[in-house]
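One letter stands for each residue in the lines below.
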Amino acid sequence: MKNGVYTDFKLFACNGNPELAEEIAKIMGKPLSPATVTHFSDGEAFVALGESVRGADCYIIQSTCEPVNDNLMELCIMIDAMKRASAGRINAVIPYFGYARQDRISHPREPLTAKLVADIISVAGADRVVTMDLHAAQIQGYFNIPVDHMIGQPTLVEYFKEMNLDDLVIVSPDHGSVKRARTFASFFNAPIAIIDKRRPQANVAEIMNIIGDVKGKNCILCDDMVDTAGTICNAANALKEMGAKSVRACATHGVLSGPAITRLKDSGIDEIVFLNTMPIPEEKRIEKMTVLSAAPVFAETIKRIVNNEPVSPQFDEGGSTK
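Please read all numbers here as calculations on a predicted model, not as lab measurements.

This part takes up the overall build of the protein. Assigned secondary structure in the protein consists of nine helices and 14 strands. Each principal axis of the C-alpha atoms in the protein carries an extent, and together these give about 60 × 45 × 35 Å. Taking all 322 residues of the protein together, 53% fall into the buried category. Within the protein, residue pairs in contact and separated by at least 24 positions form 63% of the contacts whose partners lie at least 6 positions apart. Roughly 14,600 Å² of accessible area belongs to the protein as shown, and the carbon and sulfur atoms make up 49% of that amount. Between the averaged position of the 33 positive side-chain charges in the protein and that of its 40 negative side-chain charges there is a distance of 3 Å.

If you want it as structure tokens, here you go:
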């Protein structure tokens, strides 16, 4: 460290999203540092760093996606290895933060798992967390260390702006995403509509009503993640029934578990767009799916952290990351 700025930084990756890690490293012009991240026959994770990290500014790129618990343990074990190897600063770059949906206690005797995971990462020895589009922004407050909360919307906005869609309406698939839809719509100076739905049980959504004018409009549904795709598909079908000209959908995180792919194939969605914050294997990539890279955002963020620069300016000028 010289004058409060780290003069050496290193990029590491676990097994959660190696393709994104490689993209980030390529943009930054610095190869990933060697590390062994494997598992014993009984499932225990094992990590060994392949080079010295003493005094270095280290960045571990790891999405805690499926298998969630394995990826979380890999991250924590690598953090611990760096701490014991006298790393100067340990930054956990978590493009997709698992357990983010368990951010509140809705019923008696439920856990607050997002807070628990934040504590685990902090206690393991991380000095900073860099993540994108937490399911609930208040999760940043669950950490006792700095959190840089990146947003995926600017990348998605740039993609849709190139389409020059007329008669555009941005649609929130539920009441919880209204703020996100309003922000998205501001980039296009477009109105919003809201899907009013009731969820009788977990992962089951029932469309109730549509608030707003969608007849003859090009609609874009926006959300933070798509898991089983019930909400987004029901919303798209309802929009088509109400006379929407076209329905596109976008989300930062494509979890795509259970019946998601079948539902997307059979739905009224004309195109769905994700960022690659978690791997989407080829068998899940359907014709109507587009996957954009989040690597430029994370590469720029890491560069700014290394140089002690603010990260917010990269989202100025309509959200451009260029």
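The buried fraction of strand β8 (residues 168-172) amounts to five of the five residues, a majority that puts the element mostly inside the structure. Examined bridge by bridge, β8 and strand β11 (residues 218-226) share four bridges and lie parallel to one another. Bridge assignment links L168 to a residue of β11, and that residue is N218.

Right, let's talk about the pattern of salt bridges for a bit. Per the counting criterion, the structure on display carries 15 salt bridges. Between D57 and R89 there is a salt bridge whose closest N-O contact spans 2.8 Å. On the criterion of sequence distance, the pair formed by D57 in strand β4 (residues 57-61) and R89 in strand β5 (residues 89-94) is long-range, its members being 32 residues apart. Pair check on accessibility: D57 and R89 agree, each one buried.

As a further point, take the packing of helix α2 (residues 68-84) against helix α3 (residues 113-124). One way to put it is that α2 packs onto α3 with a least axis distance of 8 Å and a crossing angle of 25°. The angle between the axes of α2 and α3 places the two elements in the roughly parallel class. Here L72, L75, C76, I79, D80 and K83 of α2 lie close against α3, whose contacting residues are V117, I120, I121, V123 and A124. Class assignment for the residues of the contact of α2 with α3 results in nine nonpolar, no polar and two charged.

Here helix α6 (residues 230-241) contains twelve residues, and its C-alpha end-to-end distance of 16 Å stays within 8% of the 16 Å for a straight helix at 1.5 Å per residue. Considered for burial, the residues of α6 that qualify are G230, T231, I232, C233, A235, A236, A238 and L239. A positive phi of about 95° marks G243, the residue just after α6.

A separate point is the sheet that holds strand β7 (residues 147-150). Taking strand neighbours across the sheet as the criterion, the five strands line up as β1-β4-β5-β6-β7 in an open arrangement whose pairing is parallel. Each edge of the open sheet is held by one strand with a lone partner, namely β1 (9-13) and β7. Direction aside, neighbouring strands of the sheet carry axes that sit 15° apart on average. Here β5 pairs with strand β6 (residues 128-132) via four bridges, running parallel.

Here is what the cut-offs are and how they apply
Residues numbered from 1 in each chain as written. Predicted model: local features only at pLDDT ≥ 70, side-chain atom pairs only at ≥ 80, totals over all residues. Heavy atoms only, no water. Helix = DSSP H or I, 4+ residues; strand = E, 2+ residues; numbered from the N terminus. Buried < 20%, exposed > 50% of the residue type's maximum accessible area, 1.4 Å probe, protein only. Contact = heavy atoms within 4.5 Å. Areas by Shrake-Rupley, 256 points an atom, 1.4 Å probe, with all protein chains shown as cover. Lys, Arg positive; Asp, Glu negative; His and termini not counted. Charge placed at Lys NZ, Arg CZ, Asp CG, Glu CD. Pairing = 2+ DSSP bridges. Salt bridge = Lys/Arg side-chain N within 4 Å of Asp/Glu carboxyl O. Axes fitted to C-alpha atoms, helices over the stretch in contact; angles between N-to-C directions. Parallel < 35°, antiparallel > 145°, perpendicular 65-115°, else oblique. Nonpolar A, V, L, I, M, F, W, Y, C, P; charged D, E, K, R; others polar. Expected span 1.5 Å × (residues − 1).

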